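Topology and contacts: notes
Chain by chain, the residues:
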Amino acid sequence: MNIGVVGIGYVGLVTASCLAEAGNRVICVDNDSDKIKQLKNGRIPIYEPGLTEMVQHNQKAKRLHFTTELKEAVDESLLIYLAVGTPPAPDGSADISAILSVCRDIAGLMTDYRIIITKSTVPVGTHKKVTELIKSKTQVPFDYVSNPEFLKEGAAVEDFTRPDRIIIGCDSPQVREIMKQICNPFMRKGNRIIFMDAASAEMTKYAANTMLATRISFMNELSALCEKVGADIEMVRQGIGSDSRIGRSFLFAGVGYGGSCFPKDIRALIHTGDENGLQMRIAAAVQQANAEQQVRFANKILEHFAGKEKETTLCVWGLAFKAKTDDIRESPALNCVKLFIKAGIKIRAYDPEAATAAKQALGDAIETFDNGYDALAGADALVILTDWQELRNPDFETIKTKLKKPVIFDGRNLYELDYVSRAGLTYHSVGRKTVRPG
Ligand SMILES: NC(=O)c1ccc[n+]([C@@H]2O[C@H](COP(=O)([O-])OP(=O)(O)OC[C@H]3O[C@@H](n4cnc5c(N)ncnc54)[C@H](O)[C@@H]3O)[C@@H](O)[C@H]2O)c1
């Protein structure tokens, strides 16, 4: 099948390459000409495990093409996926202007029936706005599908090719059949497509992200209480996660959630509630708890160095909003680092993938290193802010020798308390007691 994908960011590039891998011919359109140039030359602008190989392989097989010309995709593709950004507007709503602008352009270019599929996260009611807009611009028939994306950065290819479910929001039986054909290669173990109306599909995406963020914020808030009453959040996590009604996912306490989705989607849900005269109290509390958690963790460190900020250097491991991505959008790690910098503390930072992006965002305010151990030299403490796998079993002896004082502040609870204590370090983590050497 010939498919167009508009907006070649995290979602668009993964969607396009996975569809090409399944044998479709995919034309990728983005209005960022630098990005398209890089992709044409086989360079992948984002870090995502398994993606580079898949893009290059499908480019070679001539199933994946990159262009800035929307017309090429509209002329040749029955299905046109939209994966442009929907960033937060100043009032908290999702800014769908890129979606509307692309749909206006598609309407002007269409000469034959097309199916327009939105993968971007868009507020409930967008399907109506888009349908009315296209109808007002063209007589050419079309169908609209809401197909929200649930992939996680860091596991995006895996999530796309082996999804828990695929949500297809559209009423037409013929279009449902076509969508089923497109999704079948990713349903080998059994059908996990859920058909519904477009409004419910749009709502499902916000509901999923808010539910996941709720679990994180609940555990983070509990972790603060654990610290006050002498309980251990890790024990509590295991205790409740073993309940099959609760499950184990998204129960890790830490320095808070971030990224390009949870924060903006929760704000947008709250805004949709406001527009409809409903206060989304749970979503608002989740958002507030998340902001407080980041500040609480940073304050723990700031209090430790109170009065000596200007003479303090921190080694920071982890800048990305989570492991296995170079994405720093709304990263709690970056938020904490900004608070340290504001207090006058110097930062020596390491992140396996996100250092370049962080350096671009913070400039000379941080020094970045290609190796975590090099970043330790002469620092007053090690602060861990992202749960990279390679940080889980470090050489504590080297950490101890390189740091001025053997102190770790761990915002991701990567280590066992006894182990770090026996290694001779003072270890502050989240929702657990602080342990000292010995
Ligand atoms: N990143 C994720 O993990 C994730 C997961 C699920 C859903 N989503 C949703 O998917 C959407 C895209 O997210 P993303 O992270 O891939 O965004 P992104 O910022 O990485 O990519 C968006 C791309 O769209 C391009 N673009 C913007 N306007 C355009 C236009 N008019 N014409 C052509 N291209 C245009 C940009 O240049 C950019 O390359 C958002 O709505 C997001 O909420 C993201």
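Each remark here, short or long, concerns the structure printed above.
All of these numbers come straight from a predicted model, not from anything done at the bench.

1. Considerations on empty space enclosed by the protein
Taking a probe equal in size to a water molecule and rolling it over the atoms shows the remaining empty space. Summed over all chains, the structure comprises two cavities of 30 Å³ or more. By volume, the largest cavity amounts to about 40 Å³. Every residue along the wall of the largest cavity is listed here: E227, Q293, R296, F297, K300 and V430. With four residues, the top contributor of residues to the lining of the largest cavity is helix 12 (residues 281–304).

2. Some thoughts on the side chain of D410
Position of D410 relative to the elements: it lies in strand 13 (residues 407–410). At a separation of 3.1 Å, a polar atom in the side chain of D410 contacts the main-chain amide nitrogen of N413. In terms of polar contacts, D410 uses its side chain to reach the backbone amide nitrogen of L414, at 2.5 Å. In this structure D410 touches F297, I384, Y415, Y427, H428, S429 and V430, once residues within four positions along its chain are discounted.

3. Regarding the packing of aromatic side chains
Any aromatic ring pair is given by two values, namely how distant the centres are and how the planes are angled relative to each other. Scanning all chains against the criterion turns up eight aromatic pairs. Aromatic pair F305 and F409: ring centres 6.5 Å apart, planes at 55 degrees, arrangement tilted. Of the two residues, F305 sits in the loop between helix 12 and strand 9 (313–317) while F409 sits in strand 13, which places them 104 residues apart along the sequence. Ring centres of F396 and Y419 lie 5.8 Å apart, and the angle between their planes is 65 degrees; this geometry places the pair in the edge-to-face category. In this pair, F396 sits in helix 16 (residues 396–402) while Y419 sits in helix 17 (residues 417–422), placing the two residues 23 residues apart along the sequence. F396 gets classed as buried once you look at its relative accessible area, which sits at 6%. Its end group placed over the ring of F150, R165 keeps NZ or CZ at 3.6 Å from the ring centre.

4. Focus on the pairing of strand 11 (residues 366–369)
Where strand 10 (residues 346–350) and strand 11 come together, four bridges link them in parallel fashion. Counted as the bridge partner of A349 is T368 from strand 11. Crossover connection from strand 10 via helix 14 (residues 355–362) to parallel strand 11: handedness right-handed.

5. Concerning the site of the ligand
D30, K35, T86, E153 and K264 are the nearest of the 26 residues found near the ligand. Contact between the ligand and N31: a nitrogen atom at 3.3 Å from a main-chain N or O atom of the residue. The contact in question runs from an oxygen atom of the ligand to an N or O atom on the side chain of R329, over 3.2 Å. Coverage of the ligand by the protein amounts to 85% of the 830 Å² it exposes when considered alone. Of all the elements in the fold, those that place two or more residues in the shell around the ligand are helix 1 (10–21) and helix 5 (97–109). A class-by-class count of the residues in the shell around the ligand yields ten nonpolar, eight polar and eight charged.

6. Regarding the packing of helix 1 against helix 3 (residues 51–60)
In the contact formed by helix 1 and helix 3, the axes pass within 9 Å of each other and the chain directions differ by 55 degrees. One finds that helix 1 runs oblique with respect to helix 3. Crossing geometry of helix 1 relative to helix 3 is assigned as left-handed. On helix 3, the residues that touch L13, V14, S17, C18, A20 and E21 of helix 1 are L51, M54, V55, H57 and N58. Per-class residue counts for the contact of helix 1 with helix 3 are seven nonpolar, three polar and one charged.

7. Re the packing of helix 5 against helix 6 (residues 126–137)
Two packed helices can be described by the angle between their axes and the distance between those axes. Between helix 5 and helix 6, whose axes approach to 9 Å, the crossing angle comes to 30 degrees. As the angle between them shows, helix 5 and helix 6 are arranged roughly parallel. Like other packed secondary-structure pairs, helix 5 and helix 6 cross with a definite hand, here right-handed. Where helix 5 approaches helix 6, its residues I99, L100, C103, R104 and A107 are matched on the opposing element by K129, V130, L133, I134 and K137. Partitioning the contact of helix 5 with helix 6 into residue classes produces seven nonpolar, no polar and three charged.

Cut-offs and rules
Residues numbered from 1 in each chain as written. Predicted model: local features only at pLDDT ≥ 70, side-chain atom pairs only at ≥ 80, totals over all residues. Heavy atoms only, no water. 1 Å grid on protein atoms, 1.4 Å probe; cavity = no way out; pocket = protein on both sides within 12 Å on 5 of 7 lines; lining within 4 Å. Points joined across faces, edges and corners; volume = space filled by probe spheres on them. Helix = DSSP H or I, 4+ residues; strand = E, 2+ residues; numbered from the N terminus. Polar contact = N/O pair within 3.5 Å; in protein donor to acceptor, adjacent residues only side chain to side chain. Contact = heavy atoms within 4.5 Å. Phe/Tyr/Trp six-rings, centres within 6.5 Å; stacked < 30°, edge-to-face > 60°. Buried < 20%, exposed > 50% of the residue type's maximum accessible area, 1.4 Å probe, protein only. Lys NZ or Arg CZ within 6 Å of the ring centre and 35° of its normal. Pairing = 2+ DSSP bridges. Right-handed = clockwise from strand over helix to strand, strands pointing away. Near = heavy atom within 4 Å. Areas by Shrake-Rupley, 256 points an atom, 1.4 Å probe, with all protein chains shown as cover. Nonpolar A, V, L, I, M, F, W, Y, C, P; charged D, E, K, R; others polar. Axes fitted to C-alpha atoms, helices over the stretch in contact; angles between N-to-C directions. Parallel < 35°, antiparallel > 145°, perpendicular 65-115°, else oblique. Left-handed = near helix turned anticlockwise from the far one by under 90°.

Take it as geometry only, folks, not as evidence of what the structure does.
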